[in-house]
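Commentary on secondary and tertiary structure
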Amino acid sequence: MSYLQISGLSKAFGKKQVLDGLDLDVRRGECLVVFGGSGSGKTTLLRHIAGLMAPDAGTLRLDGRDLSEQGPESRGVAMAFQNFALYPHLSAFENIASPLRARGLDEDTLRQRVQETARLLKIEHVLTHLPRQLSNGQKQRTSLARSLVHKPPVLLLDDPLRNVDAKLRFEMRLEFPKLFKASGATVLYVTQDYREALALGDRIGVLEGGRFQQIDTPAGIYRNPRTRQVARLFGDPPINLFEVTPQRVAGGMAVEIAGQPLLLPDSRTDLAGQPCVLGVRPEDVIFSTAPEAGALPVALEAVMPINVRTVTLLKAGSVEILASRPEDPELAATRERVPGFARLAPGRSLFFDRATGARL
Ligand SMILES: Nc1ncnc2c1ncn2[C@@H]1O[C@H](COP(=O)(O)OP(=O)(O)OP(=O)(O)O)[C@@H](O)[C@H]1O
């Protein structure tokens, strides 16, 4: 059942049609990532949901209620921006408490809520600090705590990791899914980074041309992109694209690449004779030096080692272990705790001296 329902949302700025009849259904408690290039209208969409902007056409409903008559403060929607502005003269505690004070909450409940949220974000130890005494990561967490503290039913996050360093981005990406689930909020999360989208979204909406081109799970978007454009947006190195006309051959179907035949492993006989574009992800191209029937003759010209991986956080008691595997959207979509076992790859352990740090 859809919780936030947007139908036919349109918005133009002058001659520029930014949103063009956009439809979106968000389920209660899910994290929906709004993914799209710069200027595709992601922030504009969030501003409409928050009530900071009125649409030219279309309707927005939250839990069955029409939002058009409701001002920003009565919608139950919290929005956090790229630049998390903290009040410089207030402690982290008071910054987090500010939305509760504005609502006139009693002191005991307020303290309890702030503590609880700070614990969730691992900033209990810096609550007395002023913003200038906080590291960037702690500032980030403090502003997130401020967005979460009054338990908004809907949380809108506008590219919150855009301006943070790589290490913090990585840490927060690992923590966000658990944090969102613990908060109970329905989250709309804007990003331009496809890895972040794959890592965080229960579903991802690809915004282009004023509408969602596809809304699907990360694995669905990655494995079954609806268009060539969507296929190209996800994946680094990008998907290989070849203009081909599949033909029936003895043993199945084949295409011609650079004048040489390549046997297709999938029997798409319905495409025989139809000019089309073949898309193959780099991880699905298998190179070998041994000749194989139906394989395309190639030469390996260059090698570039890069890390396109799916990273997992494992816990043995309270000990955290990072593990990574080749990019794996199915695994990346895991939100539940999965019991299992960890082994070490043979011949890869490095030992260092405890006192000097020297390699043993
Ligand atoms: N208030 C406004 N007045 C005029 N044009 C606007 C206004 N707000 C947004 N735009 C234009 O609408 C388009 C979409 O802007 P928006 O900020 O929604 O994009 P975005 O997808 O969030 O981009 P980015 O990822 O770069 O933040 C842009 O071309 C922008 O210049």
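Criteria and cut-off values
Residue indices follow the written sequence of each chain, beginning from 1 at its first position. Side-chain atom pairs in this predicted model are given and counted only at pLDDT of 80 or more, local residue features only at pLDDT of at least 70, and totals for whole chains, interfaces and linings cover all residues. Connectivity within a nonpolar core runs through C-beta atoms within 7 Å, and the core itself is a set of buried Ala, Val, Leu, Ile, Met, Phe, Trp, Tyr and Cys residues. Put simply, a residue is buried when 20 or more other C-beta atoms lie within 10 Å of its own C-beta and exposed when 12 or fewer do; between those, it is partly exposed, and each C-beta is set from the backbone. Note on contacts: residues are paired as contacts if their backbone-placed C-beta atoms lie within 7 Å. Strands here are runs of E lasting at least two residues and helices are runs of H or I lasting at least four, both read from the DSSP assignment and numbered beginning at the N terminus. Being near a molecule or strand means, for a residue, that its backbone-placed C-beta atom lies within 6 Å of it. Throughout the structure description, domain borders are defined by an automatic or database domain assignment. DSSP calls a pair of strands paired once it identifies at least 2 bridges connecting them. In this analysis an axis means a line fitted to C-alpha atoms, helices contributing only their contacting stretch, and an angle means the value between N-to-C directions, from 0 to 180 degrees.

**Side note on the nonpolar core**
The biggest cluster of nonpolar side chains holds 63 residues, and the ones touching the most others in it are Val-33, Val-34, Leu-156, Leu-188 and Tyr-189. In contact with Leu-156, other than residues within four places in its own chain, are Leu-46, Ile-49, Ala-50, Val-77, Ala-78, Met-79 and Leu-188.

**Some details on the environment of Ile-6**
Relative to the assigned elements, Ile-6 resides in strand β1 (residues 2–13). Separated by 54 residues in sequence, Ile-6 and Leu-60 place their C-alpha atoms 4.6 Å apart. Those residues in contact with Ile-6, other than ones at most four positions away along the chain, are Leu-22, Asp-23, Leu-24, Gly-58 and Leu-60.

**Digging into the site of the ligand**
The immediate surroundings of the ligand are formed by Phe-13, Lys-16, Val-18, Gly-36, Ser-38, Gly-39, Ser-40, Gly-41, Lys-42, Thr-43, Thr-44 and Gln-192. Elements with a minimum of two residues in the shell around the ligand: β2 (16–27) and α1 (42–50). Examining the composition of the shell around the ligand, we find that three residues originate from one element, α1, more than from any other.

**Details of the domain arrangement of the protein chain**
Per the domain assignment, the segments of the protein chain are domain 1 (2–223) and domain 2 (238–305). Inter-centroid distance (C-alpha atoms) of domain 1 to domain 2 is 42 Å.

**Details of the environment of Ala-293**
Mapping Ala-293 onto the fold places it in the loop between β15 (276–280) and β16 (309–316). With 6 C-beta atoms packed within 10 Å, Ala-293 lands in the exposed category. Linking Ala-293 and Ala-182, residues 111 residues apart in sequence, is a C-alpha distance of 53 Å.

**Looking at the sheet that holds strand β10 (residues 211–216)**
Spatially, six strands are ordered β6-β7-β8-β3-β9-β10 in an open sheet, and the strand pairing comes out mixed. Whereas interior strands pair on both sides, the edge strands pair on one side only; in this sheet they are β6 (77–80) and β10. Between one strand axis and the next, the sheet turns by 20° as a mean value, whatever way the strands run. Sheet topology note: the strand β3 (residues 31–35)/strand β8 (residues 186–191) ladder contains five bridges and is parallel. Paired with Cys-31 across the bridge in β8 is Val-187. Most of the contacts of helix α4 (residues 136–148) go to β6, to which it runs at about 165°, and overall it touches β6 and β7 (154–158).

**So, unusual backbone geometry**
Phi at Lys-122 is positive, roughly 60°, even though this residue is not glycine. Accessibility expressed as a C-beta count within 10 Å gives 15 for Lys-122, which makes it partly exposed. Although it is not a glycine, Asp-159 sits at a positive phi angle of roughly 50°. When the 19 C-beta atoms within 10 Å are taken as the criterion, Asp-159 is described as partly exposed.

**Some thoughts on the pairing of strand β4 (residues 57–62)**
Within a regular strand, side chains alternate between the sheet's two faces. Here five bridges tie β1 to β4, and the two strands are oriented antiparallel to one another. Within the sheet, the bridge partner assigned to Ile-6 lies in β4 and is Leu-60. Bridge count for β4 against strand β5 (residues 65–66) is two bridges, and the pairing is antiparallel. By the bridge assignment for β5, Arg-61 is matched with Asp-66.

**Digging into helix α2 (residues 92–102)**
By the burial criterion, the buried members of α2 are Ala-92, Phe-93, Asn-95, Ile-96, Ala-97 and Leu-100. Here the buried face of α2 lies against α3 (107–120) and α4. Positive backbone phi, approximately 70°, marks Gly-104, located one or two places after α2.

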